[in-house]
Amino acid sequence: MASVERRILVTAALPYANGPIHIGHLVEYIQTDIWVRFQKLRGRRCVFICADDTHGTAIMIRARQEGRSEEALIAEMSAAHQRDFAGFDIAFDNYGSTNSDANRRLCGQFWTALRQAGLVVEREVSQLYDPQAGTFLADRFVKGTCPKCGATNQYGDSCDKCGATYSPSDLIEPTSVLSGARPEIRAAKHLFVELEQLHEFLETWTQSGEHLQAEVANYLKGHFLNEPLRDWDVSRPAPYFGFEIPDSPGHYWYVWFDAPIGYMASTAEWCARHGEAFDDWWKSDDAEIHHFIGKDITYFHTLFWPGMLRAAGYNLPAKVHIHGFLTVGGEKMSKSKGTFIKAETYLRRLDPAYLRYYYASKLGPRLDDLDLNIEEFVNKVNADLVNKVVNLASRSAKLIQDTGLSEVYPDDGGLFANAAAAGHEIAAAFDACDYSRATRLIMELADKANAFFDMQAPWKLKADPAQSQRLRDVCSIALNLYRQLAVYLAPIVPRLAQQTAVLLNAPIAHWNDAQTPLAGTPLAPFQHLMKRLERKDVDAMIEDSKEGAPAATPNAPPTAAPAAVAATATTSSTTATTTATTTGATPPAAPAVDSDAALLAEPLASQITIDEFAKVDLRVARVLAAEDVPEAKKLLKLTVSLGGEHKRTVFAGIKAAYRPEQLVGRLVLIVANLAPRQMKFGLSEGMIVAVGPGEKEVFLLGVDSGAKPGQRAH
RNA sequence: GGGCCUGUAGCUCAACGGUCAGAGCAGGGGACUCAUAAUCCCUUGGUUGGGGGUUCGAAUCCCUCCAGGCCUACCA
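Note that the coordinates shown come from a computational prediction; the quantities given were computed from them, not determined experimentally.

Colleague: Could you clarify how one ought to interpret the packing of aromatic side chains in this entry?
Modeller: Note on aromatic pairs: each is described by the distance of the centres and the angle between the planes. Scanning the entire structure with this criterion turns up 34 aromatic pairs. Residues F278 and Y314 carry aromatic rings whose centres are separated by 6.3 Å and whose planes lie at 85 degrees to one another, so their mutual orientation is edge-to-face. One end of the pair, F278, is in helix α8 (residues 278-282); the other, Y314, is in the loop between α9 (298-312) and β14 (319-323), with 36 residues separating them in the sequence. Residue F278 is classed as buried on the basis of its relative accessible area of 16%.

Here it is, written out as structure tokens:
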């Protein structure tokens, strides 16, 4: 057992700001969150750090295509990511962004250190250039005809058809994916890090057996360390969305240079908020850094990143935990099959506890891919969590609802002590990231508890008043055994632990809460702890995810923004939709015959001049964030952007018609020059324009494709 | 082409070179009826991908073949 002073810093990989969180991402965030919750439950000082990864060509291109700033794009994605993570109970201590001042500053520090260590060299690189878009092109932004087999429409690096590999300049009839222009070859200066100078150090560090899984160490040894390490190209010529390199104007750090430094920048933000010293976490022998990543980004985290940290004099990772990929039904996630399931789509249908438990039950300490098999998912969650665990609480609590637990914990034949002892083995499994083993061990305990309950048949005792104490004893034992399960499962399904604490009137705050039985405590009125997972709900979720099926995603380009609300409306053609979903979604196909009821209900106002109309400044705005105001009956609190850094907080009386998550990302029309109004819940700096009589009948105005935040309505 | 990894019951997975290879789910039979159609007991089911080898002894170590996954093939 480590000393109490030991600090554990945990990171999960930074999700890229170019797409929404999906169930593939969640393998990692759930894995990491479980580990962090476990460490905290054990009483360790543990901080969970993450951030959005925001730089690079892809972001730049997309922002350009969508006609908005990169900052607007990444702000929206960050809000969406954080909302999704929160929905899955992933509890970061800090969630930052690589596009932050702290990160720019730290990148500069690293750069200076690399320069001083003599690791940076300069070289010309010839690359394809799109003269029309004015940017250099990565291989995958060039398409053309394969020089080997003649297949058309192939990417610049390799051919899907014949598997040939080549350089983009070998392509026949190359075209830029961005503009369709024919790329030309241009030379530009690039800056490289000579990783080879750190070869010996990296050999030692990777092969020590302490920091990496064995197969990862083998992979590195066989693939990289057996020959001189290649120089790493860490710069990109303008235009590039990122940080400009201070001593090389016109050149930017490559996204993979600043991304891992983002771990530190996000830590710095957390430290600032909590009065902690940054160096205690990144330059201290008492601190352990644990990175959780997917196997696709092994290289960056096991060679380059340790090299950078070493050069800059920071702590090296104590361990890099690497996991495999997610498959669904044994195959890659597929948009057409509906298995590319976004976090948001999942949360509209299912309890996050199901996925957290299922992933935990399948995750081991190694890099194996993890398969989400739908049938197994339903079976396992129901059999384990509902039938064995939750049902144990349900059947026993209801029998002694009035009396509460026995005053003295009765003789249980050693069951409780046995399960308490098993806590050590279970903890070791969690610590080693062997969650499948942990869940297996926990379920063994659940089986024993259920067998005990059946053997004692307390429902028969209930019929005989003379047996009331015996009844109370048996159920007290069962509930204590159940509580142990809830403690052990707390890192995986934290909400269940909370509900259990309420039921038994005793908090679950520490792993050791499973070591001592409760006695004499009253029971809160029993409430359903977890719903069964229904196959039809899973199927509906998959339907929602099929390509072509609309989905309310903040990811949608502005052209689709007005459809964002409509999307939810039609998520399922077979199920009843919520009220808001009927909102202005479908354009009438048939010639419309409209009643004049609305006009009669609200007659036209008196005539005005065009000058009077011009006083009202209507602007397009994008909803960056939306949250419920719990104390308010009608209000949602929206943060909208007029572009750039121009943000407004607006309270809108649309709670009955829209859920906050439906709004994030879409464009709305606001009265931008309305005098700010102090409301009970804060200052409202504008007004969202909507039609309808009110209550559930509220319809926000959308705009046709091409409109941009900040544009005025004339 | 190179590399890493995997292959155990219908499914998902266990099993420090050592008692008849185990468990959950699914299947079959029975019990119970407190509980979220849940639970409990019994039970069917495996030439451990194929073939060689090392060993007193191999799912486990070595070789080879087959199948699958992933990474990589000079901006890694």
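Colleague: Mind showing me how you'd approach the protein's contact with RNA strand B here?
Modeller: In the vicinity of RNA strand B, 43 residues are found, and the nearest of them are D139, R230, V390, N391 and D454. A share of 72% of the atoms of RNA strand B within 4 Å of the protein falls on sugar and phosphate groups. N391 is positioned with one of its side-chain polar atoms (N or O) 2.2 Å from a sugar or linking oxygen of RNA strand B. A distance of 3.4 Å separates a base oxygen of RNA strand B from a polar atom in the backbone of L529. Secondary structure elements with two or more residues in the surface near RNA strand B: α6 (214-223), β10 (232-233), α12 (374-397), α14 (435-456) and α15 (458-461). With nine residues, α12 is the largest single contributor of residues to the surface near RNA strand B. The residue makeup of the surface near RNA strand B, split by class, is 15 nonpolar, nine polar and 19 charged.

Colleague: Can you help me understand the sheet that holds strand β2 (residues 45-52) in this one?
Modeller: Pairing between the strands of a sheet comes from backbone hydrogen bonds, and it takes one of two forms, parallel or antiparallel. Taken in spatial order, the five strands line up as β3-β2-β1-β13-β14 in an open sheet, and their pairing is parallel. Only two strands of the sheet have a single partner each, and these edge strands are β3 (94-97) and β14. Neighbour-to-neighbour, the strand axes of the sheet open up by a mean angle of 25 degrees, direction not taken into account. In this sheet, β14 lies alongside strand β13 (residues 287-294) in parallel orientation, the contact comprising five bridges. Within β14, the position partnered with H291 by the bridge is V320.

Colleague: Looking at this model, I keep getting lost on the sheet that holds strand β9 (residues 184-193). Mind explaining?
Modeller: Taking strand neighbours across the sheet as the criterion, the four strands line up as β5-β4-β9-β10 in an open arrangement whose pairing is antiparallel. If you trace the sheet from one side to the other, it starts and ends with β5 (135-136) and β10, each paired once. Alignment of strand β4 (residues 120-130) against β9, held across 10 bridges, turns out to be antiparallel. The residue of β9 that forms the bridge with E122 is L191.

Colleague: I tried to follow the state of the cysteines on my own but got confused; where do I start?
Modeller: Cysteine pairs can be covalently joined through their sulfur atoms, and such a bond is termed a disulfide. Applying the stated criterion across every chain yields a total of zero disulfides. In this model C50 remains outside any disulfide bridge; the closest cysteine sulfur is found in C46, 14 Å from its own. Under the relative-accessibility criterion, C50 is labelled buried at 0%. A disulfide-free cysteine, C433 has its sulfur positioned 11 Å from the sulfur of C46, the nearest such atom. Residue classification places C433 among the buried positions, given a relative accessible area of 3%.

Calculation rules
Residues numbered from 1 in each chain as written. Chains lettered and ligands numbered in written order. Predicted model: local features only at pLDDT ≥ 70, side-chain atom pairs only at ≥ 80, totals over all residues. Heavy atoms only, no water. Phe/Tyr/Trp six-rings, centres within 6.5 Å; stacked < 30°, edge-to-face > 60°. Helix = DSSP H or I, 4+ residues; strand = E, 2+ residues; numbered from the N terminus. Buried < 20%, exposed > 50% of the residue type's maximum accessible area, 1.4 Å probe, protein only. Near = heavy atom within 4 Å. Polar contact = N/O pair within 3.5 Å; in protein donor to acceptor, adjacent residues only side chain to side chain. Nonpolar A, V, L, I, M, F, W, Y, C, P; charged D, E, K, R; others polar. Pairing = 2+ DSSP bridges. Axes fitted to C-alpha atoms, helices over the stretch in contact; angles between N-to-C directions. Disulfide = S-S within 2.5 Å.

Remember, this is a structural readout, not a statement about activity or role.
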